[in-house]
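Here is what each chain is made of, one letter per residue.
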Amino acid sequence: MTTIAVAAGGAAWELELLPRIAAAPDLELVRRCVDLSDLLALAATGSVAVAVVDVAPGGIDLEAVRTLGRHDVTVVGVGPADRGAAVGVEHVATGADVLDVVRSAAAHRAGRRREPGPGDAREPIPRGRLVVVWGSG
């Protein structure tokens, strides 16, 4: 089962895609993200494998694609291939072929992943700090 998040900012293709994902037996829609920040926060939890995003200007940028990659999320862009390439999206769909591209990207992802073996160094997980300010004025 491939876990998917969709972050399209209300693009016209998004409303057509969501029921198709829900009906697919091999795909699970984890979340329809309201914006890029929501997607990045979800990616940090490790609960999504593929993010379907709008590659139109204002949809996603190179830094966001890199951040998603660091969280082991494969990005599938929807829109013009040249715009997808400009922001570092390797898998780009034009519209009707989104699920085919998602499945292809998931297969590519599965083929490149491997479990760490003996002697493989694991990077420590960075820990954050929470600061709370309380009070008036």
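Below or above, wherever it landed, is the structure these notes cover. Residue numbers restart at each chain and count upward from 1, following the sequence in its written direction. At least 70 in pLDDT is required for a residue's local features to be given in this predicted model, at least 80 for side-chain atom pairs to be given and counted, and no such filter applies to totals for whole chains, interfaces and linings, which use all residues. Think of the side-chain values as coming from all heavy atoms in the structure, minus any hydrogens and water.

Digging into the nonpolar core
To keep it simple, the criterion reads: We call a set of buried residues a nonpolar core when its members are Ala, Val, Leu, Ile, Met, Phe, Trp, Tyr or Cys and they connect through side-chain atoms within 4.5 Å of each other. Throughout this description, buried means an accessible area under 20% of the type-specific maximum (1.4 Å probe, protein chains only), exposed means over 50%, and partly exposed covers the range between. The secondary structure listing takes helices from DSSP runs of H or I that are at least 4 residues long and strands from runs of E that are at least 2 residues long, numbered from the N terminus.
Counting residues in hydrophobic clusters, the biggest one holds 22 residues, and the most contacted among them are Ile4, Val6, Trp13, Leu17, Val50, Val52 and Val102. Residue assignment for this core shows that the elements contributing at least two residues are strand E1 (2–7), helix H1 (12–23), strand E3 (50–54), strand E4 (74–78) and helix H5 (98–112). Element by element, the count of residues in this core is highest for H5, at six residues. The next biggest cluster of nonpolar side chains, apart from the first, holds 18 residues, and it includes Ala5, Ile60, Leu68 and Val87.

Observations concerning the sheet that holds E1
Within a beta sheet, neighbouring strands are joined by backbone hydrogen bonds and run either parallel or antiparallel to one another. The line we're drawing: Strand pairing is assigned whenever DSSP detects at least two bridges linking the two strands. Note on definitions: angles span 0 to 180 degrees between N-to-C directions of axes, and those axes are lines fitted to C-alpha atoms, for helices only across the stretch in contact. In this description, contact between two residues means that some pair of their heavy atoms is separated by no more than 4.5 Å.
Pairing is parallel in the open sheet, where five strands are placed in the order E2-E1-E3-E4-E5. Edge positions in the sheet fall to strand E2 (27–32) and strand E5 (91–93), since each has one partner strand and no second. The sheet shows a mean angle of 30° between the axes of neighbouring strands, direction not considered. As paired strands, E4 and E5 are joined by three bridges and run parallel to one another. The residue of E5 that forms the bridge with glycine 77 is valine 92. Contacts from helix H2 (residues 36–45) reach E1, E2 and E3, with the element oriented near 125° to E2.

Quick notes on H2
Just so we agree on the cut-off: The directions from the helix axis to the C-beta atoms form the arc being described. Throughout this description, a polar contact denotes any pair of N or O atoms lying within 3.5 Å of each other; where both atoms belong to protein, one of them has to be capable of donating a hydrogen while the other can accept it, and for residues adjacent in sequence the pair is counted only when both atoms sit in side chains.
For H2, the set of buried residues is Asp38, Leu39, Leu42 and Ala43. For H2, the angular spread of buried residues about the axis comes to 135°, placing them on one side. Buried residues along H2 sit against E1, E2, E3 and helix H3 (62–70). Two to three positions downstream of the cap, the backbone nitrogen of serine 37 sits 3.3 Å from a side-chain oxygen, assigning the N-cap of H2 to aspartate 35. Just beyond H2, the residue with positive phi is glycine 46, at close to 80°.

Side note on the pairing of E2
Consecutive residues of a regular strand have side chains that alternate between opposite faces of the sheet. Counted only if it meets this: Convention used here: a crossover is right-handed provided that the path from the first strand, over the helix, to the second strand proceeds clockwise when the strands point away from the viewer.
As paired strands, E1 and E2 are joined by five bridges and run parallel to one another. The partner of alanine 5 across the bridge, within E2, is arginine 31. Each parallel crossover has a hand, and the one from E1 via H1 to E2 is right-handed.

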